[in-house]
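# Inside the fold
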Amino acid sequence: MAEDDFRRWEREFDPDAPVEGRSGSRALVLVAGITAAGCAALIVLGDVPLGAAGLVLSSIVLLLWRIGM
């Protein structure tokens, strides 16, 4: 964690420091869309408790993934 903080600080003061890209952001959006569509399909097909549980659990997982845990 401290190493990452140092890289942020280094980037602020050194314009030639390498910039890290966000390679996982498109994958995150794709996974979120597929998961939401699958859970919505379950709800439409009549399995409301399973679809709602899937939406809740996937939202928690995606939130934790997004914040880096």
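Computed from a predicted model, the values in this text were never measured in an experiment.

Each value, and the rule that gives it
- Residues numbered from 1 in each chain as written.
- Predicted model: local features only at pLDDT ≥ 70, side-chain atom pairs only at ≥ 80, totals over all residues.
- Heavy atoms only, no water.
- Axes fitted to C-alpha atoms, helices over the stretch in contact; angles between N-to-C directions.
- Helix = DSSP H or I, 4+ residues; strand = E, 2+ residues; numbered from the N terminus.
- Parallel < 35°, antiparallel > 145°, perpendicular 65-115°, else oblique.
- Left-handed = near helix turned anticlockwise from the far one by under 90°.
- Contact = heavy atoms within 4.5 Å.
- Nonpolar A, V, L, I, M, F, W, Y, C, P; charged D, E, K, R; others polar.
- Expected span 1.5 Å × (residues − 1).
- Buried < 20%, exposed > 50% of the residue type's maximum accessible area, 1.4 Å probe, protein only.
- Arc of directions from axis to C-beta.
- Patch = residues over 30% accessible without salt bridge, like charges linked within 9 Å, V, L, I, M, F, W, Y side chains within 5 Å.
- Areas by Shrake-Rupley, 256 points an atom, 1.4 Å probe, with all protein chains shown as cover.
- Salt bridge = Lys/Arg side-chain N within 4 Å of Asp/Glu carboxyl O.

### Re the packing of helix H2 (residues 25-44) against helix H3 (residues 48-67)
- Viewed as axis vectors pointing N to C, H2 and H3 meet at an angle of 170°, and their least axial separation amounts to 7 Å. Our classification of the angle between H2 and H3 gives roughly antiparallel. When you trace H2 past H3, the crossing you get is left-handed. Facing Ala27, Leu28, Val31, Ala32, Thr35, Ala36, Cys39, Leu42 and Ile43 of H2, the residues of H3 in contact are Val48, Leu50, Gly51, Ala52, Gly54, Leu55, Ser58, Leu62, Trp65 and Arg66.
- Of the residues belonging to the contact of H2 with H3, the class tally is 14 nonpolar, four polar and one charged.

### Here's the deal with H3
- Look at H3: 29 Å from first C-alpha to last across 20 residues, which is about the 28 Å you get at 1.5 Å a residue.
- Turning to H3, its buried residues are Gly51, Ser58 and Leu62. Summarising the axial view, the buried residues of H3 lie within an arc of 35°, below the 170-degree limit, and thus occupy one face. Among the exposed residues of H3, those oriented more than 90 degrees off its buried face are Pro49, Leu57, Leu63 and Ile67.
- Looking at the buried positions of H3, the neighbouring elements they touch are H2.
- Following H3 by one or two positions, glycine 68 has its phi on the positive side, about 90°.

### With respect to a nonpolar patch on the surface
- Side chains of Val56, Leu57, Ile60, Leu63, Leu64 and Ile67 sit close together on the surface and give an oily, nonpolar patch of about 570 Å² of accessible area.
- Take leucine 63: it is sitting in helix H3.
- The exposure class of leucine 63 is exposed, given its relative accessible area of 52%.

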